[in-house]
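# Residue-level structure breakdown
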Amino acid sequence: DRYTHCAASNETRAIFSGGVAPARCNVMDYITIATQANAIDFGDLTNIAGDNAGVSNGPRGVFQLGYAGPPVSNRIDYITIASAGNATDFGDLTYGRNRSGSCSNGHGGL
């Protein structure tokens, strides 16, 4: 049971990342949207964090890591949704944030 995690998806998969279960974690797992089944391990974020935000443009998912506790993280990770594996460092926000909102127009965004 994990909470304060976030998700990114394409037409086929949804990836859930980070959160608290009961401690902050770096776990990512996924489901295949067309198939009713339990989640499967996808890989790990680059750091533990809860209160994250996630977006995707279809091929790529991007996660802003929130509260790593303390401090609040400024880290951004990315994944390729079609292939399971660990996240890669995308870069940093100008300052740490948590409980952020996220949005995408299908062409990326955070």
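Once that is clear, we can look at the packing of aromatic side chains. Tallied over the entire structure, the rule returns two aromatic pairs. The interplanar angle of 80° and the centroid separation of 5.9 Å between the aromatic rings of Tyr 30 and Phe 42 together place this pair among those described as edge-to-face. In this pair, Tyr 30 sits in strand β3 (residues 25–32) while Phe 42 sits in strand β4 (residues 40–49), placing the two residues twelve residues apart along the sequence. Centroid distance Tyr 78 to Phe 90: 5.9 Å. Interplanar angle 75°. Geometry classified as edge-to-face. Note that Tyr 78 is positioned in strand β7 (residues 75–80) and Phe 90 in strand β8 (residues 88–92), a separation of twelve residues in sequence. On the basis of relative accessibility, which here comes to 22%, the residue Tyr 78 falls in the partly exposed class. Taking the relative accessible area as the measure of exposure, Phe 90 reaches 44% and is therefore partly exposed. One Lys or Arg, Arg 13, reaches over the ring of Tyr 30 and ends 4.1 Å from the middle of that ring.

The next thing to look at is the nonpolar core. If you look at the biggest cluster of nonpolar residues, it comprises 13 residues, and the most contacted ones within it are Ile 15, Met 28, Phe 42, Leu 45, Phe 63 and Ile 79. For this core, the secondary structure elements donating two or more residues are β1 (6–9), β3 and β4. When residues in this core are grouped by element, the largest group, three residues, is from β4. Residues within four places of Ile 15 in sequence aside, it is in contact with Cys 6, Ala 7, Ala 8, Met 28, Asp 29, Tyr 30, Phe 42, Phe 63, Ile 79 and Ile 81.

Judged by pairing direction, the sheet is antiparallel, and its four strands sit side by side in the order β1-β2-β3-β4 without closing on themselves. At either margin of the open sheet sits one strand with a lone partner, and together these are β1 and β4. Across this sheet, the average inter-strand angle for adjacent strands is 25°, counted without regard to direction. With five bridges joining them, strand β2 (residues 13–17) and β3 adopt antiparallel strand pairing. In the strand pairing of β3, Ile 15 is matched with Tyr 30.

This brings us to the pairing of β7. Taken residue by residue, a regular strand's side chains alternate between the two faces of the sheet. Taken together, the five bridges between strand β6 (residues 60–64) and β7 define a ladder with antiparallel strand orientation. Residue pairing for β7: Gln 64 is matched across the bridge by Ile 76. As judged from the four bridges shared by β7 and β8, these two strands associate in the antiparallel manner. Directly across from Ile 76, in β8, lies its bridge partner Gly 91.

One open sheet accounts for four strands, arranged β5-β6-β7-β8; its pairing is antiparallel. Looking along the sheet, the strands with just one partner apiece sit at the ends: β5 (53–56) and β8. Strand-to-strand, the axes of this sheet are offset by a mean angle of 25°, without reference to chain direction. In this sheet, β6 lies alongside β5 in antiparallel orientation, the contact comprising four bridges. Counterpart to Ser 56 in the pairing with β6 is Gly 61.

Criteria and cut-off values
Residues numbered from 1 in each chain as written. Predicted model: local features only at pLDDT ≥ 70, side-chain atom pairs only at ≥ 80, totals over all residues. Heavy atoms only, no water. Phe/Tyr/Trp six-rings, centres within 6.5 Å; stacked < 30°, edge-to-face > 60°. Helix = DSSP H or I, 4+ residues; strand = E, 2+ residues; numbered from the N terminus. Buried < 20%, exposed > 50% of the residue type's maximum accessible area, 1.4 Å probe, protein only. Lys NZ or Arg CZ within 6 Å of the ring centre and 35° of its normal. Core = buried A, V, L, I, M, F, W, Y, C linked by side-chain atoms within 4.5 Å. Contact = heavy atoms within 4.5 Å. Pairing = 2+ DSSP bridges. Axes fitted to C-alpha atoms, helices over the stretch in contact; angles between N-to-C directions.

Note that all results are geometric; they support no functional claim without further evidence.
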